[in-house]
Amino acid sequence: MGRLDEVDLALVGGGGAASLVLAALARHGVQDLRVAVVDPVHRRGQDRTWAFWDRPGNDLDELLSASWSRVEVVTAQTHRTLDVAPLRYAMLRSAPIYDRAAEAERRLRVTRVLASADTLSDHGDGVLVGGDADRPVLRAGWVLDSRPRPPERPGRTNWLQHFRGWWLETDRPTFDPARAVLMDFRTPQPTRGVSFGYVLPVSDRYALVEYTEFSPHLLTGAAYDRALAGYCDLLGLDPARFTVAEVENGVIPMTDGPFVARPSPRVVRLGTAGGATRPSTGFTFAAMYRQADQVARALAAGRPPVPAPAYPLRHRWMDAVALRALDRDLVDGPEFFGRLFDRNPASRVLRFLDGDTTVAEDLAVMRSTRLLPMLTATVGDAGDRLGQRIVRSPRPAWTVPPPVVGSDPPPGRSAEEAAGEGERGSPVR
């Protein structure tokens, strides 16, 4: 075996998390760092959409497709329009993130390796990255691994956030670009789970309209299309007056199973694999962005590139309790989320969903839920945790399935066009 290429930092997986790290390294002026990206695919263009909460005035401003300071939460009984200032709800498509990462690659003189990394062999003073132990691709001082993977072990509750979205173009002004529909619970509710519609308008004639479920199992492609068509009808959209420009499909884990952020001394996981996905909501992007900034700041200061946990431990516990309450039908999903917005300032709820609230604010959010069902869920969760420690019986294996793609062509699309668009990547909130 010849001499291996050696780098200080290897990014294994070149998607959103790695792209944010590259951009952060350039933003913080990191120099003289040998960096490699290891991925069999060089990601470019529009393959996913992120939606997230943040404050205006950061380096993402110029990249956003749209943002809103007013959002709507709708149930069968109530239509709420919420002013979320000083926060904003923002939408970012992947192409500008990949473009910014490509520019950072040029500035940092990053080595790109178009190969898979089937093994990561951490020897304490470095990591061999490669197809197998006998044929490593390179040696890295540190590895940031953002490839999707299931939790280390199945959780007590294992749900999925799964969805299909249509990018709609209408032939006349139809949408209000000043406000987004965050959750519209007027959709038919599944037997086990929660569903809602979602509208992100880029202009008065162009918007992402999405059907989302929180539930244990995926639907068929035809069922997603029926649900989306039904939601468009609920919004008063005439199929004769719009076309579907793009289709996006996605699946995000909602589980209290543990994701191990640091599987060995010099390997750090980012993205969903590192715990960046909020179990109770599926939001991921804001945590990825925070952690990328922390990694870059650490490297600029000569410290190990190890970010802080994506969410406080108490929030992960509250997520486990909320998931259990929903899964065991102790609470009604639309009412549960509706009460959060009814009984708290909108900015508090949104910061809570992003893991950015104080203990006092967390207690206020908890008090806004129904006491008896949540107490029942809390006791049940504690009992399961204790029983697992005593008995240590393994739970059934659980993995996150790929998104369902393809079905009958949506309105305004041919079968060939729909099949091609069906391969697009998953939006990540």
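Details of the structure are given in the entry above.
Residues numbered from 1 in each chain as written. Predicted model: local features only at pLDDT ≥ 70, side-chain atom pairs only at ≥ 80, totals over all residues. Heavy atoms only, no water.

**A short note on the pairing of strand β12 (residues 158-170)**
Within β12, 12 of the 13 residues are buried, leaving the element largely enclosed by the surrounding structure. In this structure, β12 lies alongside strand β16 (residues 242-255), joined through 13 bridges in antiparallel fashion. Each residue of the ladder has a partner; that of Trp 159, found in β16, is Met 254. As paired elements, β12 and strand β15 (residues 206-215) share 10 bridges and run antiparallel to each other. Following the sheet pairing, Gly 165 is matched in β15 by Glu 210. (Buried < 20%, exposed > 50% of the residue type's maximum accessible area, 1.4 Å probe, protein only. Helix = DSSP H or I, 4+ residues; strand = E, 2+ residues; numbered from the N terminus. Pairing = 2+ DSSP bridges.)

**A short note on helix α3 (residues 221-234)**
For α3, spanning 14 residues, the distance from its first C-alpha to its last is 20 Å, which sits close to the expected 20 Å at 1.5 Å a residue. Of the positions making up α3, those classed as buried are Gly 221, Ala 223, Tyr 224, Asp 225, Ala 227, Leu 228, Tyr 231 and Cys 232. Turning to α3, the residues buried within the fold contact β12, β13 (179-184), β14 (194-203), β15 and β16. After α3 finishes, the residue Gly 236 shows a positive phi value of roughly 80°. (Expected span 1.5 Å × (residues − 1). Contact = heavy atoms within 4.5 Å.)

**Examining the packing of helix α5 (residues 313-327) against helix α8 (residues 359-367)**
Where α5 meets α8, the closest approach of the two axes is 11 Å, and the angle between their N-to-C directions is 10°. By the angle class used here, α5 and α8 are roughly parallel. Each of Arg 314, His 315, Trp 317 and Met 318 in α5 lies in contact with α8, whose residues at this interface are Val 359, Asp 362 and Met 366. Residue composition of the contact of α5 with α8, by class: 4 nonpolar, 1 polar and 2 charged. (Axes fitted to C-alpha atoms, helices over the stretch in contact; angles between N-to-C directions. Parallel < 35°, antiparallel > 145°, perpendicular 65-115°, else oblique. Nonpolar A, V, L, I, M, F, W, Y, C, P; charged D, E, K, R; others polar.)

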